[in-house]
Amino acid sequence: MELTLNEKKLLIALAPVESADAGALAERMDTREEAVVQYAHLAADRGLVEVRRVVKPQYGLTEEGMAYAGKGLPERQLFESFDDRIAMQELQRHPLAKIGIGWMRKKGWIAIRDGIVEKTGDAPVGPDERAFQDPGQGSEGVRDLIKRGLVREDEVISHTISITPAGKALYSRGLDLREEVGTLTRDQIITGAWKDLFLRRYSVETPPRKIHAGKIHPYRRLLDEMRRVLLDMGFTELYGGIVQSSFWNFDALFQPQDHPAREMQDTFFLDECWPMPAGFERIRDMHEHGGETSSTGWGGVWSTAKAEQCVLRTHTTCLTIRHLAEHPKPPVKAFCIGRVYRREAIDPTHLPEFEQLEGIVMDEGVSFRHLLGYLKEFYARMGFEKIRFRPGYFPYTEPSVEPEVWVDGLGWVELGGAGIFREEVTAPFGIEHPVLAWGLGVSRVAMLKMGLKDLRMLYRSDIEWIRRTPVYHPETRQSTDEAG
Amino acid sequence: MPIITLPYTYLERLVGADRAAILDRLPMFGSDIERIEDDHADVEFFPVRPDLFSVEGVARAMRGFLGIETGLPVYEVRQSGIGFSVDPALASIRPFLGSAVIRNVSLDGAGIESLMGLQEALHWAVGRGRGKVAIGVHDLDTVTPPFRYLASPRERSFVPLDYSEEMTMEEILEQHPKGRDYAHLVRDFPRFPLIVDADDRVLSFPPIINGELTRVTGETRNILLDTTGTDQKAVQIAVNILCTALAEAGAEIESVTIDGQDVPSLAPMERYVSVQECSDLLGVELTPDAIADLLQRMRFGAEPAGSELVRVLVPCYRADIMHDWDVFEDVAIAFGYDRIGADLPRTFTIGAGHPVSHITAAVRSIFVGLGYLEMIPFTLTNERVLFERMQRPPSPSALRVLYPISEEQTVVRTDILPLLLEALQANKHRELPQRLFAAGDVVLGTGTYQKAAAVSIHPGADFSEAYACADALCRELGLTYRAAGSDDPAFLDGRRGACVVDERPVGVFGEVHPDVLLAFDLEHPVAALELDLRAVPGYPGQPDTPSPGAR
């Protein structure tokens, strides 16, 4: 048992009297009462003393009460201001008349007849008056004074500290009162003086203060992990603008101009237009009749005005196709993790903005089979070992596939989509080899991996959640280590 | 996506297999099973396969996929001798018409439900809410051919479906529930589309409502189909899907003569596809025979045409086959996605991060070192948060969305600091001190770039803390700046400063103005800063807009 110096001092002060009020002990120890209580609690935890908390009422005059102090209650002052009788009119001129007359009547000291106030001859000093003389006693009449707002009642907390037999035993064995040293000074260290000091010993049983580390957001760690997986797999990172023309967001991806996704219900449109890039006619021809491919195109008339309209990008694929347009020669392996926008009302599982991950591989001789290979590899590195492939549909890929991963407790969970860019997408840009592409909503992965029920937590985070979420996550580490 | 209800008894009868076998294979055919009930299953198909929006269509496909009946379904079309004329005045209103006569239908419970469901799903998927295509189904025996599709005066009246009184077409748009739903499709035209018979009796006011006269009931034996629209291909495919579905249910299809032309033909489209291209795309070596066999399972007509090509007959109801690769996807589905295998190619590339990511990663590492927690706030916000509460003048270059979904999200953020103050507000009840930062995209005009911002709230937060933190951030980013005075109204006068690089202010720091604090419901001082990351050395320049086919 390692007592602090203060506890020892407390025991020494307490032992001769066995029990004392904290205030009295404070005087004896030349310290503050609160400090004594603090030492006593420490000693009480060790079973050396007992601390009894006593709550006592304390009475004192209010501001109004102070005004009457020494002079008596207003009715007594008024009563003594006249002889046996007085005209009401005259009495009312007295400054205390307003309060005093009522009380005099109530106490039966006076009678009022025909505008004349007359003493009844019986005006004993009541308990309230006695209490008013010395309210601190809390005597019988003090309640009435509290009701009248003349006296205030406060709670006074005091502590009675008593030594226990264990405390006494320790005291009688003698206590070492050398001054304890907490933090070592530079001087004490370099001179070696610390060796002669009585160093305070600290208890490991007292929990440490909680300090909160500066941290990367838990969701960012997931995004970073995905980014790292893709960099490890040899992909180049893309980054680009949130605002895109419909041309890059839709038309360049062979999304027909009357597709429901291009209506204002689903997409955030902007009051901005971007001019068509040079060579846009190749995209127009593809839409109208399939250009120079085996495609029929969508038919109808393709509108430049529709293509010029700007939107908040609905996917990161607009950045992918721009990258391919700049790099039409193989090989190209690129990825993008970025925010995308859909016109959705906010609820726990829908947000108008969220992160999307997307990867593409373009090379000579790559095939659907290779796409499945990349999907399997990527998801395995993300910690999803079991994967299956089902037919899918996406407007700009053919063939398309929906990967599903096995999640214990949930079964097969659809996670993203993939396919080979349609020739209608690639041909206008002079891309001559298949482009394998896949994408997924990262928030879906966040829900699965972080056990999140409400997506809003990612963007309007409770900082307590971030403080409590450990930086290191063994499962995550395992999968990235295997990748590295 | 439309949900298709598959009643087991009807489905089993049409497929010729039991429900377990069908339901087991549906997912690998490309369907999501939504619900399995005692007497039916609800399933979902992709919007590009409207031919699967009926029990009959699903049964046709599954007979092939299960190997019960493969190859091209052949539909005989006899001539009905019934004629239709189209008013040239419709050219600018709703020019295209498709039609057919369907005889000997037996519209018992399951059949009529399937037909109605199909019609609705087609309106959605092919018709784009009836604008592109609208379908009318009539009891042929209640009217007299020939029929006329005309542009009628808007005052013409008839008894619309579900009503007993005559109404003018204008009244229908105002009063009839369907009229109100679809009025926007025709309202602006001087004349309205109308279909009448030889006796000038009204069959339909497309795309709004049919007449009560030709109501289809359980007793109906012979159907006249009208599909009208603005896209000839879509009109045609809707007719083909409806006719072949009804033919699958046992009806007989007859053609109608529209301005001298016999429709529909229900004949397949022919394509020759390359065996090598298919094998290369899928990554599976396939012979012409194998491809033909797989395609027949997907109900194509298919036969090898020499060693390099396969002749493919695409059923008339397949709206989605635009390109040879669409055919190859069906080869893959029939082959089985689970049998294709998964391999990595030998493409050699070296991974490379984007410079913007390198900068934001550095910013994050600096702030974490300074004891800050990262936030990832929304980029959509509103002018109250961005400007009003910040006491800053609204920026004319802030990007506003045209049709916001709520008042909370009307603009894309131009700064991150206001969103961090919002985060402090949301975390008001949490232990102090709180030090938060965020680095990410902002938009000005239509240009996207990045900023980093940080806030520190606690009773001792002051100008010195903000200045020290801004200074540390700049130093660690290798950004040489000159500190200057600032007049940013979001900060307290005399306790604010700017980071200036090349005579341009790129950052601001200081003590947040008490009125701003109160606007965010905060009660302690906040030291804050924000930095434009374009100032950081190595920030990439704006890329040029690429051009299609420029090389």
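Cut-offs and rules
- Residues numbered from 1 in each chain as written.
- Chains lettered and ligands numbered in written order.
- Predicted model: local features only at pLDDT ≥ 70, side-chain atom pairs only at ≥ 80, totals over all residues.
- Heavy atoms only, no water.
- UniProt positions renumbered as here; feature names shortened; annotations may be inferred.
- Pairing = 2+ DSSP bridges.
- Helix = DSSP H or I, 4+ residues; strand = E, 2+ residues; numbered from the N terminus.
- Axes fitted to C-alpha atoms, helices over the stretch in contact; angles between N-to-C directions.
- Contact = heavy atoms within 4.5 Å.
- Buried area = accessible area lost by both parts, 1.4 Å probe.
- Salt bridge = Lys/Arg side-chain N within 4 Å of Asp/Glu carboxyl O.
- Polar contact = N/O pair within 3.5 Å; in protein donor to acceptor, adjacent residues only side chain to side chain.
- pLDDT = per-residue confidence, 0-100.
- Domains from an automatic or database assignment.
- Buried < 20%, exposed > 50% of the residue type's maximum accessible area, 1.4 Å probe, protein only.

In the nomenclature of an unreviewed UniProt entry, chain B is known as phenylalanine--tRNA ligase of hydrocarbon metagenome. In its Cofactor (unreviewed entry) section, the UniProt entry covering chain B states "Mg(2+)". In the Sequence similarities (unreviewed entry) part of its UniProt record, chain B is described as follows: "Belongs to the phenylalanyl-tRNA synthetase beta subunit family. Type 2 subfamily."

An unreviewed UniProt entry lists chain A under the name phenylalanine--tRNA ligase, with hydrocarbon metagenome given as the organism. The Sequence similarities (unreviewed entry) field of the UniProt record for chain A holds the comment "Belongs to the class-II aminoacyl-tRNA synthetase family. Phe-tRNA synthetase alpha subunit type 2 subfamily." On record in UniProt, under Subcellular location (unreviewed entry), the comment for chain A is "Cytoplasm".

**Student:** I'm lost on the sheet that holds strand S3 (residues 85-87) of chain A in this one. Help?
**Tutor:** Remark on secondary structure: sheet strands pair via backbone hydrogen bonds, oriented parallel or antiparallel. Residue and element names in this part refer to chain A. Read from one edge of the open sheet, three strands run S3-S5-S4, paired in antiparallel fashion. The sheet is open, and its two edges are formed by S3 and strand S4 (110-113), each paired on a single side. The mean angle between the axes of side-by-side strands here comes to 20°, regardless of whether they run parallel or antiparallel. Examined bridge by bridge, S4 and strand S5 (residues 116-119) share four bridges and lie antiparallel to one another. The partner of Ile112 across the bridge, within S5, is Val117.

**Student:** What's the story with the interface of chain A and chain B in this structure? I'm lost.
**Tutor:** For an interface, size is often stated in terms of accessible area lost upon the parts coming together. Taken together, the contact between chain A and chain B spans 105 residues of the former and 83 residues of the latter. A buried area of about 8300 Å², summed over both sides, lies between chain A and chain B, and 59% of it is on carbon and sulfur atoms. Three residues, Tyr239, Arg369 and Pro391 of chain A, lead the burial of chain A against chain B; their summed loss comes to 9% of the area buried on that side. Across the chain A-chain B interface, the total number found is eight salt bridges. Between Arg390 of chain A and Asp32 of chain B there is a salt bridge; the shortest N-O distance is 2.9 Å. Where chain A packs against chain B, one counts 42 residue pairs in polar contact (both at pLDDT 80 or more). It is helix H17 (residues 368-381) of chain A that provides the largest number of residues to the side of chain A that touches chain B, a total of eight residues.

**Student:** Just to check I follow, could you spell out the confidence of the model for chain B for this structure?
**Tutor:** It should be kept in mind that the predicted coordinates are not to be read in detail where pLDDT is low. Counting all residues, the mean pLDDT for chain B is 94, and 99% of those residues have values of 70 or more. The ipTM value of the predicted complex is 0.92, and its pTM value is 0.81.

**Student:** It is not clear to me how the UniProt feature "domain: B5" (unreviewed entry) in chain B should be interpreted in this structure. Could you clarify?
**Tutor:** Mapped onto the present numbering, the UniProt feature "domain: B5" (unreviewed entry) falls on residues 266-342 of chain B. With 44% helix and 22% strand, residues 266-342 of chain B has its two end C-alpha atoms placed 39 Å apart.

**Student:** What exactly am I supposed to notice about the domain arrangement of chain B here?
**Tutor:** When cut into domains, chain B gives domain 1 (3-66), domain 2 (77-263), domain 3 (269-338) and domain 4 (355-535). Each of domain 2 of chain B and domain 4 of chain B was reduced to a C-alpha centroid, and the two centroids are 60 Å apart.

**Student:** How do you make sense of the side chain of Glu398 of chain A when you look at a structure like this?
**Tutor:** Mapped onto the fold, Glu398 of chain A is located in strand S16 (residues 397-407). Overall, the relative accessible area of 4% leaves Glu398 of chain A in the buried class. Only 3.4 Å separates the side chain of Glu398 of chain A from the side chain of Arg422 of chain A, close enough to count as a polar contact. If near-sequence neighbours (up to four positions away) are discounted, Glu398 of chain A is found in contact with Ile420 and Arg422 of chain A together with Leu281, Trp325, Asp326 and Glu329 of chain B.

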